[in-house]
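Single-letter residue listing:
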Amino acid sequence: MRLGSALTAALTVAATLPLTGTAASATTGATSRLATCQEKALSVHAAPGGQRNAARIDVVNNGGRTCVVDRIPTITFRGLDGSAEAVPPAGSGPYELSPGERAYAAVRTADPAATEGHVVGSLSVAADPSHPGVTFRAAAVGMPEGVHVWIPVTTLWQESRAAADSALADALG
């Protein structure tokens, strides 16, 4: 699988890019001083994404204080090295979540008919790379034959499910 080399290339490009994002995730002095959300204060969900090779994810801040997660969700695949690349390429940065606020992202893996890649039984989602995350079985995200992984990509956190779907569609053409 080329995930490792693709991830390295994406990180190299990302290191040279300025931080950009939605208004909610803009880097400001106030946002940079907020604490990282504690994993126990967050709920992470994953569901089918409307396509055989996509899943929708979301995170909710159930805590009583505004906090930050990384603006790129960390999505890993059982038994494989690396994580889904951000599209468009982006570097790490804070994404602010107020109490009760929900953020959305979409992930695309690989077409189940593709001959390249690996098939795994689950994927894990963490709102921040400092968290272990939550694991979801393939069937729970609409992939009952397994998650077919080949150069997986994810959007940054977005303010709505429609915005996440649109960001994924725009990035993939």
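Located above this text is the structure these notes cover.
The structure reproduced in this document is the subject of the present report. Owing to the predicted nature of the structure, the values given are computational and were not obtained by experimental measurement.

Basis of the calculations
- Residues numbered from 1 in each chain as written.
- Predicted model: local features only at pLDDT ≥ 70, side-chain atom pairs only at ≥ 80, totals over all residues.
- Heavy atoms only, no water.
- Helix = DSSP H or I, 4+ residues; strand = E, 2+ residues; numbered from the N terminus.
- Contact = heavy atoms within 4.5 Å.
- Areas by Shrake-Rupley, 256 points an atom, 1.4 Å probe, with all protein chains shown as cover.
- Expected span 1.5 Å × (residues − 1).
- Buried < 20%, exposed > 50% of the residue type's maximum accessible area, 1.4 Å probe, protein only.
- Arc of directions from axis to C-beta.
- Pairing = 2+ DSSP bridges.
- Disulfide = S-S within 2.5 Å.
- Axes fitted to C-alpha atoms, helices over the stretch in contact; angles between N-to-C directions.
- Core = buried A, V, L, I, M, F, W, Y, C linked by side-chain atoms within 4.5 Å.
- Polar contact = N/O pair within 3.5 Å; in protein donor to acceptor, adjacent residues only side chain to side chain.

## What about the overall build of the chain?
And step 1. Looking only at helices and strands, the chain has 3 helices and 12 strands in total.
And step 2. Considering only intrachain contacts with a sequence separation of at least 6, the fraction spanning at least 24 residues in the chain is 77%.
And step 3. Summing over all exposed atoms, the chain offers an accessible surface of approximately 8400 Å²; the carbon and sulfur share of this is 53%.

## A few points about helix 3 (residues 161-172)
And step 1. For helix 3, spanning 12 residues, the distance from its first C-alpha to its last is 17 Å, which sits close to the expected 16 Å at 1.5 Å a residue.
And step 2. Within the sequence span of helix 3, burial applies to Ala 164, Ala 167 and Leu 168. Down the axis, helix 3 shows its buried residues gathered within 95° of arc, on one side only. Exposed and oriented more than 90 degrees from the buried face of helix 3 are Ala 162 and Asp 170.
And step 3. As for helix 3, its buried residues are in contact with strand 7 (102-108) and strand 12 (153-154).
And step 4. At the exit of helix 3 stands Gly 173, carrying a positive phi of roughly 80°.

## A look at the pairing of strand 7
And step 1. The buried fraction of strand 7 is high, at 5 of 7 residues.
And step 2. Bridge count between strand 2 (residues 54-61) and strand 7: 7 bridges; the pairing is antiparallel. Directly across from Ala 55, in strand 7, lies its bridge partner Val 107.
And step 3. With 2 bridges joining them, strand 7 and strand 12 adopt antiparallel strand pairing.

## Let's talk about the state of the cysteines
And step 1. In this structure the tally under the stated criterion is 1 disulfide.
And step 2. Residue pairing for Cys 37: its cysteine sulfur links by disulfide to Cys 67, the two sulfurs lying 2.0 Å apart. Between Cys 37 and Cys 67 the disulfide shows an S-S torsion of about 95°. By sign, it is right-handed. You can see Cys 37 sitting in the loop between helix 2 (29-33) and strand 1 (42-48) and its partner Cys 67 sitting in strand 3 (residues 67-70), a full 30 residues away along the chain. The same class applies to Cys 37 as to Cys 67, namely buried.

## Here we look at the sheet that holds strand 4 (residues 74-77)
And step 1. Judged by pairing direction, the sheet is antiparallel, and its 3 strands sit side by side in the order 4-9-10 without closing on themselves. The open sheet has two edge strands, strand 4 and strand 10 (134-137), and neither has a second partner. Each neighbouring strand pair of the sheet contributes to a mean axis angle of 25°, computed without reference to strand direction.
And step 2. Looking at chain direction, strand 9 (residues 122-126) and strand 10 are connected through 4 bridges and run antiparallel.

## Brief notes about the nonpolar core
And step 1. Counting residues in each nonpolar core, the largest one holds 29 residues, and the members touching the most others are Val 59, Val 69, Ile 75, Phe 77, Leu 123, Val 147 and Trp 157.
And step 2. Mapped onto this core, the elements with two or more residues apiece are strand 1, strand 2, strand 3, strand 4, strand 6 (94-97), strand 7, strand 9 and strand 11 (147-149).
And step 3. Look past the residues within four positions of Phe 77 in its chain and what remains in contact with it is Ala 84, Thr 109, Val 120, Ser 122, Leu 123, Val 147, Val 149 and Pro 152.
And step 4. Val 87, Tyr 104, Val 153 and Ala 164 belong to the second largest nonpolar core, which has 6 residues in total.

## Section: the side chain of Thr 109
And step 1. Within the secondary structure, Thr 109 is located in the loop between strand 7 and strand 8 (118-120).
And step 2. We classify Thr 109 as buried; its relative accessible area is 0%.
And step 3. Among the polar contacts made by the side chain of Thr 109, one reaches the main-chain carbonyl oxygen of His 148 at a distance of 3.1 Å.
And step 4. Every residue in contact with Thr 109, bar those within four places of it in the chain, is listed here: Asn 53, Phe 77, Met 143, Val 147, His 148, Trp 150, Ile 151 and Pro 152.

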